[in-house]
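# Summary of structural features
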Amino acid sequence: MKKVRTRAALAAIPLAIGALAIGATSASANSSSQVPWGDNGSGTCSYPESTFWHVGGAQLGQYCMQSVTGWIQINGGASQNQAISCANNAPGGSPGLSWSLDGQSYDNAGPWPALAIDGTNPLSYTYATFVAWQTGSGSASLSGETWYDGVTPGNASTGSYGSAGASVTNWGGSGNWQAAIGCVNTAGVSVSGSGYAEGERKPHSPARPSVQVADAAPVRVRDKTIDTVDGKNGKAFRAREYALKKNVTRTDTRTCPAGMVRKGKLAYTVQEFPANGKAPKWKDRALVDVQLTPKGRNAGMVEMTLTRAKNPTVVQFQMRCGKA
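Okay, so let's go over this structure. (Residues numbered from 1 in each chain as written. Predicted model: local features only at pLDDT ≥ 70, side-chain atom pairs only at ≥ 80, totals over all residues. Heavy atoms only, no water.)

## Considerations on the overall build of the protein chain
Operational definition: Counting from the N terminus, the helices are DSSP H or I runs at least four residues long and the strands are E runs at least two residues long. Here the term buried applies to any residue with accessible area under 20% of the maximum for its type, exposed to any over 50%, and partly exposed to those in between, with areas from a 1.4 Å probe on protein chains only. The Shrake-Rupley method, run with a 1.4 Å probe, gives the accessible areas here. Residue values count only the displayed protein chains as cover.
When helices and strands are tallied, the protein chain shows four helices and 22 strands. Burial analysis of the protein chain (324 residues in total) assigns 55% to the buried set. With an accessible surface of roughly 13,500 Å², the protein chain has 51% of that area assigned to carbon and sulfur atoms.

In structure tokens form, the structure reads like this:
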């Protein structure tokens, strides 16, 4: 791995500093400023490309593609963590590439399994990732926090998908927010050259003609596991997403890796995926009854029942683990 570049690492801190820049979504909207949101999260690719990788003006998808979450519900005064996987854009992934692109043209040079990273985050002491967020409907006013729940870089050569996440605190009223993270293909690994195995840095074939994303269509959501395990430091973050159906109760139990115990409180988020990609109105938000139950010292259970929904709805259940 190359040496940390202080300027790059500081600029790429994922949500370490609060951002109150005015966005275009609504009068009360705000967005991250360390990494700009761009068009549907594309700032997570264009920012490192132009600032650090010296491939400014590259076609979206040639090196990097953003992976975008659904619209996440947040109440006033709450802090939340949201794990994000590059597998959102995997073939047959959930919610799929079209959700991330939102009508933008792109070079179809996927897949993009590896995280876009640049050195080391000096606050979390893990890879510095490129993460952005924005608010939508409602009156949420967010500031960014440092993501401490682990980073899995992924591997473009083997096709293993990386993951990281976003952390925010809401200083306003209830509303919706969403996050995006930059993900790269083998060509992206080559141009960024930061923190990847040498074997991944291979030449890239010429870019193909741009393609256009189809118009909005029903979104298909599926279950997804987003786990990070740091065996060296004895830490793990267990996150799993559950696609819910109305009035159907789902339960699941997650267990810490061997030798670790549960740390802190169990947590969850609720995401919605409207077909048009726009934030749902707060008054029309999905309603989910969620019960979290600790199990012994090293496990936790979640029980979920979706009672009202206009859009595909997902619950992300989260559990932290540490040394016993």
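Read on, since the account is not over.
## Description of the sheet that holds strand S20 (residues 287–295)
Quick note on the threshold: Only when DSSP finds a minimum of two bridges between them are two strands counted as paired. All axes are obtained by fitting lines to C-alpha atoms, using only the stretch in contact for helices, and the reported angles, taken between N-to-C directions, cover 0 to 180 degrees.
As summarised here, the arrangement of the three strands in space is S18-S21-S20, forming an open sheet in which the pairing is antiparallel. Because the sheet does not close on itself, it has two edges, and the strands there are strand S18 (249–255) and S20. On average, each strand axis in the sheet is inclined to that of its neighbour by 15°, with strand direction left out of account. The pairing of S20 with strand S21 (residues 299–308) spans nine bridges and is antiparallel. In the strand pairing of S21, Asp289 is matched with Thr305.

## Topic: the pattern of salt bridges
We apply this condition: Any Lys or Arg side-chain nitrogen found within 4 Å of a carboxyl oxygen on Asp or Glu counts as a salt bridge.
Applying the stated rule across the entire model yields eight salt bridges. Between Arg240 and Asp252 there is a salt bridge, with the nearest N and O atoms lying 2.6 Å from each other. In this pair, Arg240 sits in strand S17 (residues 235–244) while Asp252 sits in strand S18, placing the two residues twelve residues apart along the sequence. By relative accessible area, which is 23% here, Arg240 ends up partly exposed. Among the residues examined, Asp252 registers a relative accessible area of 19% and is labelled buried. Between Lys283 and Asp284 there is a salt bridge, with the nearest N and O atoms lying 3.6 Å from each other. Residues joined by salt bridges that share partners form a network here, namely Asp227, Arg238 and Arg254.

## Some remarks on the sheet that holds strand S11 (residues 142–145)
Sheet strands line up and pair through hydrogen bonds in the backbone, either parallel or antiparallel. Pairing is antiparallel in the open sheet, where three strands are placed in the order S5-S12-S11. Each of the sheet's edge strands pairs with one partner strand only, and the pair in question is strand S5 (79–85) and S11. Each strand axis lies, on average, 30° off the axis of its neighbour in the sheet, ignoring direction. By the bridge criterion, seven bridges tie S5 to strand S12 (residues 163–170) in an arrangement that is antiparallel. Of the residues in S12, the one forming a bridge with Gln82 is Ala166.

## So, the state of the cysteines
Quick note on the threshold: When the sulfur atoms of two cysteines come within 2.5 Å, that pair is taken as a disulfide.
Applying the stated criterion across every chain, the model contains three disulfides. The disulfide partner of Cys45 is Cys64, and the S-S distance across this bridge is 2.0 Å. Of note, the bridge from Cys45 to Cys64 carries an S-S torsion of about -70° and is left-handed in sense. Here the residue Cys45 occupies a position in helix H2 (residues 43–51), and Cys64 occupies one in strand S3 (residues 64–68), the gap between them amounting to 19 residues. The side chain of Cys86 participates in a disulfide bridge whose partner is Cys183; the two sulfur atoms lie 2.1 Å from each other. In this structure the cystine formed by Cys86 and Cys183 twists about its S-S bond by roughly -90°; its chirality is therefore left-handed. One end of the pair, Cys86, is in the loop between S5 and helix H3 (97–101); the other, Cys183, is in strand S13 (residues 175–184), with 97 residues separating them in the sequence. Across this residue pair, the class does not change: Cys86 and Cys183 are buried. Each bonded cysteine of the protein chain gets a number by its place in the sequence, and the pairs then read 1-2, 3-4, 5-6.

## Some remarks on the environment of Thr120
Counting through the fold element by element, Thr120 comes out in strand S8 (residues 117–120). Overall, the relative accessible area of 22% leaves Thr120 in the partly exposed class.

## Digging into the nonpolar core
For clarity, the cut-off: Residue types Ala, Val, Leu, Ile, Met, Phe, Trp, Tyr and Cys, when buried and joined through side-chain atoms within 4.5 Å, form a set referred to as a nonpolar core.
Among the nonpolar cores identified, the biggest contains 55 residues, and Trp53 and Trp177 are the most heavily contacted of them. Sort the elements by how many residues they give to this core and S13 lands first, with six residues. Ranked by size, the runner-up nonpolar core spans 17 residues in total, among them Ala236, Leu244, Val302 and Leu306.

## Here's the deal with the side chain of Thr135
Convention followed: Here a polar contact means two N or O atoms within 3.5 Å. Within protein one must be a hydrogen donor candidate and the other an acceptor candidate, and residues neighboring in sequence count only if both atoms are side-chain atoms.
For Thr135, the location among the structural elements is in strand S10 (residues 131–138). Looking at Thr135, the relative accessible area reads 1%, which means it is buried. Engagement of the side chain of Thr135 in a polar contact is seen with the backbone nitrogen of Asn30, the distance being 2.7 Å.

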